[in-house]
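Summary of the model geometry
Each chain, letter by letter, is given below.
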Amino acid sequence: MEYKFFIPKKHFGLLCELKGLVDKGVAVHYFSGNHDFNLGTFFQEQIGIICHSKQPIIMNLQEKRVCLLHGDAWIPSDGLYRIVKTVLVNPLANWAFKLLHPDLGMKLA
C-alpha cells in the first residue's frame, strides 16, 4: 500500500540503497506480486526502479535467455486467493484503506 506522505522507517535504509544503485546506473527491477495490491508510482518516480506487474519478462542474462516473473496467481487452483485479490485491488477498497492512519494501515496490511 502506498500512502502519499508515509514511508515505513524499517524499509527506509533499503530504499536508500536501491536509490543509490539506480543513481550509479544499475537497472533495478521489481516484480509485484501477492502483497502489492496498490503499489503506486513511488518506486518508479522517486527511486527509478523498473516495475513489472502481471506479465513475465523475457531477457538475456549472462548469455542465457530467462523468463522472470513473480508467479502470483499463476496456479489455476488458487481460486479463493483470486477472489480476495479482486476485492483488494478494487479502487473503492483502496480509497477506503487510505483513510486509515498509516500506522494502523500497515499493521492491518
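Look above for the structure.
Residues numbered from 1 in each chain as written. Predicted model: local features only at pLDDT ≥ 70, side-chain atom pairs only at ≥ 80, totals over all residues. Heavy atoms only, no water.

Overview of the nonpolar core
Counting residues in hydrophobic clusters, the biggest one holds six residues: Leu 15, Val 22, Val 28, Phe 43, Ile 47 and Ile 49. Elements represented by at least two residues in this core include exactly α1 (9–23) and α2 (42–47). Those residues in contact with Phe 43 that lie beyond four places of it in its chain are Leu 15, Tyr 30, Gly 48, Ile 49 and Cys 51. (Core = buried A, V, L, I, M, F, W, Y, C linked by side-chain atoms within 4.5 Å. Buried < 20%, exposed > 50% of the residue type's maximum accessible area, 1.4 Å probe, protein only. Helix = DSSP H or I, 4+ residues; strand = E, 2+ residues; numbered from the N terminus. Contact = heavy atoms within 4.5 Å.)

Considerations on the pairing of strand β4 (residues 64–68)
Pairing of strand β3 (residues 57–61) with β4, which is carried by five bridges, proceeds in the antiparallel orientation. Each residue of the ladder has a partner; that of Ile 58, found in β4, is Cys 67. Remark: two residues form the turn of the hairpin made by β3 and β4, two consecutive strands paired antiparallel; Gln 62 in that turn has positive phi of roughly 50°. (Pairing = 2+ DSSP bridges.)

Concerning the packing of aromatic side chains
Overall, the coordinates contain four aromatic pairs when judged by the stated rule. Both rings, one in Tyr 3 and one in Phe 97, keep their centres 6.5 Å apart while their planes meet at 35°; by these two values the pair is tilted. Here Tyr 3, found in the segment before α1, pairs with Phe 97, found in helix α4 (residues 91–97); they are 94 residues apart in sequence, far enough to count as distant. Residues Tyr 3 and Phe 97 agree in their burial class; the two are buried. An aromatic cluster is built from Tyr 3, Phe 6 and Phe 97, whose rings are joined through pairwise contacts. (Phe/Tyr/Trp six-rings, centres within 6.5 Å; stacked < 30°, edge-to-face > 60°.)

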